[in-house]
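A closer look at the structure
These are the residues of each chain, in order.
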Amino acid sequence: MEDINIPNHVAIILDGNGRWATKRNKPRTFGHKNGADNVVDIAIHAKKRGIKYLTVYAFSTENWKRPAKEVDYLMKLMIKFINDKIDQLMEEDCKLNFLGNLSILPKTTRDAIVRGINKTKNNKSLFVNIAVNYGGRDDIVHALKDIIDEGFNKDDINEDLISKHLYTKDIPDPDLLIRPGGEIRISNFLIYQIAYSELYFSDVLWPDFNEEEFDRALLAYSNRNRRYGDIK
C-alpha cells in the first residue's frame, strides 16, 4: 500500500449492524456492540495507513424513530464505548471529537462524551470524529442560524462562511466516503462537505468490514481521477 494515494480524511457510514446480528439469530444490540468495537480497529488501521481524519456516522437525527429500547441501548453503548476504549485511543494518540446536536442526548451520555474529548484533547496522530444526533440538513440549518445570530448580512454569506459554521468547521472535507452494508445512498451524512468526495460502496456489513476491506476502499480511491470540475 506504500505507493498508493492515501486520503487525508475518510468518512464512513456505519451500516449493517442490525442485519449482521439478525443473520446470527442475535438481537440487534449485539450487532451494534460489535460495530462499535470495529470502529477502534479500523481507526487504528487508518492511522497506520497515514490517514489523519476519520469520521463515522454513529447515530443520525432520524435514528430517534427506532424503537425506544434500541435508542436507549445506543445511548448507553456510547458511554461504554468511551469507557472501554479510551485507554486504547490514548495509546494510539487518537483524538476524539463529536459532531451533531449533542444538547438533547441523555446527560450521562453527554458527560461521557465530554470525558472522552477532554481526555484525548492533546492527541494528534488521528482525529476520530463520531457523528451523534447528526444530520446533514440539520448541520446546514444550524450553521445558518449561527450566521444570522452573529449579525452577518446576505452579502457576507459565501461557501467559506458556511463551512466555518458547520459542525465540521475545523475539519477538512472528506476525500473518501465509504458506505458498507449494501445500500447505495448518502442518508443525510455530511451532504455539504462531500460535494467532491469520492464515494465507495460495499456489500460487506459494517461489523465484518475489516482491515482488508478498508484497504480495498483505499485502493479504489487511489485509482480515481479527482478533477473538481476541471480537466486533468
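Residues numbered from 1 in each chain as written. Predicted model: local features only at pLDDT ≥ 70, side-chain atom pairs only at ≥ 80, totals over all residues. Heavy atoms only, no water.

Some thoughts on the packing of aromatic side chains
Under the counting rule described, the total for this entry stands at eight aromatic pairs. Ring geometry for W20 against F30: centres 5.5 Å apart, planes inclined by 15°, an arrangement best described as stacked. A residue pair is termed long-range when its members are at least 10 positions apart, and W20 in helix α1 (residues 17-23) and F30 in helix α2 (residues 28-48) qualify at ten residues. Assessed through its relative accessible area of 7%, W20 is described here as buried. You can call F30 partly exposed: its relative accessible area is 31%. The interplanar angle of 80° and the centroid separation of 6.1 Å between the aromatic rings of Y57 and Y134 together place this pair among those described as edge-to-face. Of this pair, Y57 sits in strand β2 (residues 53-60) while Y134 sits in strand β4 (residues 126-134), and the two are 77 residues apart along the sequence. An identical accessibility class is assigned to Y57 and Y134; each is buried. Sitting over the face of the ring of F30, K26 holds its NZ or CZ atom 5.4 Å from the ring centroid. (Phe/Tyr/Trp six-rings, centres within 6.5 Å; stacked < 30°, edge-to-face > 60°. Helix = DSSP H or I, 4+ residues; strand = E, 2+ residues; numbered from the N terminus. Buried < 20%, exposed > 50% of the residue type's maximum accessible area, 1.4 Å probe, protein only. Lys NZ or Arg CZ within 6 Å of the ring centre and 35° of its normal.)

Considerations on unusual backbone geometry
Leave glycine aside and you will find that most residues have negative phi; peptide bonds, for their part, are mostly trans. Here the phi dihedral of S187 falls at roughly 55°; this positive angle occurs in a residue that is not glycine. Looking at where S187 falls in the secondary structure, it is placed in the loop between β5 (176-179) and β6 (198-201). The residue N188 is not glycine, and still its phi comes out positive at about 65°. Secondary-structure assignment places N188 in the loop between β5 and β6. According to the relative accessible area criterion, N188 is buried, its value standing at 17%.

Some words on the UniProt feature "binding site: Mg(2+)" (unreviewed entry) in the protein chain
Following the UniProt record, one finds the feature "binding site: Mg(2+)" (unreviewed entry) at D15 and E198. Of the annotated residues named above, the ones that line the largest pocket are D15. Among the structural elements, D15 can be located in the loop between β1 (9-13) and α1. Setting aside its immediate chain neighbours within four residues, D15 contacts R179, P180, G181, E183, L205 and W206. For E198, a relative accessible area of 15% translates into the label buried. Setting aside anything within four residues of it in sequence, one finds E198 in contact with D175, L176, L177, Y221, R224 and R226. (UniProt positions renumbered as here; feature names shortened; annotations may be inferred. 1 Å grid on protein atoms, 1.4 Å probe; cavity = no way out; pocket = protein on both sides within 12 Å on 5 of 7 lines; lining within 4 Å. Contact = heavy atoms within 4.5 Å.)

Focus: the environment of V128
Counting through the fold element by element, V128 comes out in strand β4. A relative accessible area of 2% means that V128 is categorised as buried. Residues V128 and P207, spaced 79 residues apart in sequence, show a C-alpha to C-alpha distance of 18 Å.

Describing the packing of helix α3 (residues 68-91) against helix α4 (residues 107-120)
Running from N to C, α3 and α4 point in directions that differ by 15°, and their axes come no closer than 9 Å. Accordingly, the angle class assigned to the pair α3 and α4 is roughly parallel. For the pair α3 and α4, the sense of crossing is left-handed. The segment α3 lies against α4, with M75, M78, I79, I82, N83, I86 and M90 engaging T108, T109, A112, I113, R115, G116, K119 and T120. Among the residues forming the contact of α3 with α4, the class breakdown is eight nonpolar, five polar and two charged. (Axes fitted to C-alpha atoms, helices over the stretch in contact; angles between N-to-C directions. Parallel < 35°, antiparallel > 145°, perpendicular 65-115°, else oblique. Left-handed = near helix turned anticlockwise from the far one by under 90°. Nonpolar A, V, L, I, M, F, W, Y, C, P; charged D, E, K, R; others polar.)

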